[in-house]
Amino acid sequence: MRKAVVFFLALLLCAATGWRAEAADYSRPENWAYCESGESEKPVDVFFVCPLVLFGNPENRNMDFADTQARANFVGAVNMERGIYDADARFFAPYYGMAGLSVYEMPEAEGEKYLKLAYKDVRAAFLYYLAKYNDGRPFILAGFSQGADHVLRLMKEFFRDEELQDNLVAAYPIGWRVTVEELRAAPYLHFAEGERDTGVIVTFNTEEPSVAWSPIIPEGVRALAINPLNWRTDWKEADKSLNKGACFVDVSGNIVKEIPHLTGAYIDMKRGALKAPDVSPEAYPSGLSIFPQGVYHIYDYQFFYRNLQENVAARIEAYFSGENEEEDAA
């Protein structure tokens, strides 16, 4: 009897937290926010992992697929970034049991178990995509915030595989840190060095110049970054005249406001953060309780939208032109 009661209580806890013992079944269409969206003749695919949208109830550790509001928020968040990637690509974005905001308020070791549960779904969706849809097509991996973390987990686990490496146009895990130490531990991964290299990781984390700490780049950590305005990895500042357009996008994917030349950017070589000197925390508040003012995390895509959109097209073009193979041969 006691075992039965314990089992019943465990089931209630699973229902309350969105926890599932097994990964979601991605042969079921309802487990995809987007699946094979876009014309089949488009030359590449995008596998996109949604950022954090699970707020509110602190007991909500992982997203429940039956939560209709969470699903709506999920699609809205994907739509806010989708336009950067899908002009020349079929688009895939799985629902997954993402970890909630409360997980990031825990000690990192405690929160990791919920992130691992979320990654279990992302992993299953990616493997299903490869088996069912990829068929050797070139693809882009992309994500933002928690989604970027999961993209990097995928790369660390699977990209020893040379075929996957060869088919990767680029990975855009924007809004999460990548460190030199991580790349040394996974030497099959490579950080971007310019505007048109392929098979590489492209990321940055945007801050106001005076910020010295964030949960993404804690004190004493140096992240890697590439500047999305001049596509350099050094300290060289890019003037705001190089910013083709900051775009603020609604949950349907419509650009509701576009501001050319909103801000320049430079990389702080001590922290590896991307500094945005021409905007203010008052105009662009951090928006989430876990971030101090001046952390522009939620604007990483928005501040540099048109430059990123152009860059995706440039790397696709470079991939099909074989530019990097020619450089390697030389």
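As a starting point, this report considers the structure included with it. (Residues numbered from 1 in each chain as written. Predicted model: local features only at pLDDT ≥ 70, side-chain atom pairs only at ≥ 80, totals over all residues. Heavy atoms only, no water.)

## A word on the sheet that holds strand β7 (residues 206-207)
Taken in spatial order, the three strands of this open sheet run β7-β11-β10, and their pairing is mixed. This sheet does not close on itself; its edge strands, each paired only once, are β7 and β10 (266-268). Relative to strand β11 (residues 273-275), β10 runs antiparallel, the two being bridged by three bridges. From the neighbouring strand, Y266 faces β11, where its bridge partner is K275. (Pairing = 2+ DSSP bridges. Helix = DSSP H or I, 4+ residues; strand = E, 2+ residues; numbered from the N terminus.)

## Brief notes about the sheet that holds strand β4 (residues 139-144)
Here we have six strands laid out as an open sheet, ordered β1-β3-β2-β4-β5-β6, and mixed in their pairing. Two strands bound the open sheet, and with one partner strand each, they are β1 (32-37) and β6 (200-201). Two elements, strand β5 (residues 168-174) and β6, share two bridges in a ladder whose sense is parallel. Across the sheet, A170 pairs through a bridge with V200, a residue of β6. Here helix α3 (residues 108-134) sits on the sheet in contact with β1, β2 (44-49), β3 (89-94) and β4, set at roughly 165° to β2. (Contact = heavy atoms within 4.5 Å. Axes fitted to C-alpha atoms, helices over the stretch in contact; angles between N-to-C directions.)

## A word on a negative patch on the surface
Together, D161, E162, E163 and D166 give the surface a local cluster of negative charge. Locating D161 in the fold gives a position in the loop between α4 (146-158) and α5 (162-167). Taking the relative accessible area as the measure of exposure, D161 reaches 37% and is therefore partly exposed. (Patch = residues over 30% accessible without salt bridge, like charges linked within 9 Å, V, L, I, M, F, W, Y side chains within 5 Å. Areas by Shrake-Rupley, 256 points an atom, 1.4 Å probe, with all protein chains shown as cover. Salt bridge = Lys/Arg side-chain N within 4 Å of Asp/Glu carboxyl O. Lys, Arg positive; Asp, Glu negative; His and termini not counted. Charge placed at Lys NZ, Arg CZ, Asp CG, Glu CD. Buried < 20%, exposed > 50% of the residue type's maximum accessible area, 1.4 Å probe, protein only.)

## Quick word on the packing of α3 against α4
Running from N to C, α3 and α4 point in directions that differ by 65°, and their axes come no closer than 10 Å. Put simply, α3 runs roughly perpendicular to α4. Once α3 is placed against α4, the crossing between them reads as right-handed. On α4, the residues touching E112, L115, K116, A118, Y119, V122, R123, F126 and L127 of α3 are Q146, D149, H150, R153, L154, E157 and F158. Classifying every residue of the contact of α3 with α4 gives eight nonpolar, two polar and six charged. (Parallel < 35°, antiparallel > 145°, perpendicular 65-115°, else oblique. Left-handed = near helix turned anticlockwise from the far one by under 90°. Nonpolar A, V, L, I, M, F, W, Y, C, P; charged D, E, K, R; others polar.)

## Observations regarding the state of the cysteines
Considering all chains together, one arrives at zero disulfides under this definition. The structure places no disulfide on C35, whose sulfur is separated from the nearest cysteine sulfur, that of C50, by 16 Å. Under the relative-accessibility criterion, C35 is labelled partly exposed at 29%. C247 forms no disulfide, and the closest cysteine sulfur to it belongs to C50, at a distance of 19 Å. We classify C247 as buried; its relative accessible area is 0%. (Disulfide = S-S within 2.5 Å.)

## Describing the side chain of R177
Take R177: it is sitting in the loop between β5 and α6 (180-185). At 4.0 Å, E108 is the nearest oppositely charged side chain to R177, a buried residue that forms no salt bridge. Here I216 takes part through its backbone oxygen, which lies 2.6 Å from a polar atom of the side chain of R177. Aside from chain neighbours lying at most four places away, what touches R177 is E108, L152, E182, N205, P215, I216, P218, V221 and A223. (Polar contact = N/O pair within 3.5 Å; in protein donor to acceptor, adjacent residues only side chain to side chain.)

## Overview of the packing of aromatic side chains
Enumeration according to the criterion identifies 32 aromatic pairs in this entry. Between F74 and Y95, the ring centres sit 4.9 Å apart and the planes meet at 50°, which makes this aromatic pair tilted. Note that F74 is positioned in helix α2 (residues 68-85) and Y95 in the loop between β3 and α3, a separation of 21 residues in sequence. No difference in accessibility class separates F74 from Y95, as the two residues are buried. Their ring planes at 90° and their centres at 5.6 Å tell us that F204 and F304 sit as a pair that is edge-to-face. Highlighted residues: F204 in the loop between β6 and β7 and F304 in the loop between α7 (300-303) and α8 (305-321), separated in sequence by 100 residues. Among the aromatic residues, ring-to-ring pairing joins Y26, W32, F47, F92, F126, Y128, Y129, Y133, F139, F158 and F159 into one connected group. (Phe/Tyr/Trp six-rings, centres within 6.5 Å; stacked < 30°, edge-to-face > 60°.)

## Focus on the packing of α2 against α8
Relative orientation of the contacting elements α2 and α8 amounts to 50°, with a least axis distance of 7 Å. Our classification of the angle between α2 and α8 gives oblique. On the side of α2, the interface is formed by M80, G83, I84 and Y85, while α8 contributes Y305, L308, Q309 and V312. Of the residues in the contact of α2 with α8, the class split is six nonpolar, two polar and no charged.

## Looking at the layout of surface pockets
Estimates place the volume of the largest pocket at around 840 Å³. Lining the largest pocket we find 36 residues, and of these Y104, S145, Q146, W176 and H297 sit closest to its centre. Taken together, the elements giving at least two residues each to the lining of the largest pocket come down to α2, α3 and α4. (1 Å grid on protein atoms, 1.4 Å probe; cavity = no way out; pocket = protein on both sides within 12 Å on 5 of 7 lines; lining within 4 Å. Points joined across faces, edges and corners; volume = space filled by probe spheres on them.)

## Brief notes about the nonpolar core
Most often, soluble globular proteins keep nonpolar side chains buried together rather than apart. Within the largest apolar cluster, 104 residues are counted, with the highest numbers of intra-cluster contacts made by F47, F74, Y85, L141 and F159. Broken down by element, the residue count for this core peaks at seven residues, all from α3. Filtering out sequence-adjacent residues up to four positions away, F47 remains in contact with W32, F92, P94, V122, A125, F126, Y129, I140, L141, A142 and L154. If you look at the next biggest cluster of nonpolar residues, it comprises five residues, including A99, V103, Y114 and L115. (Core = buried A, V, L, I, M, F, W, Y, C linked by side-chain atoms within 4.5 Å.)

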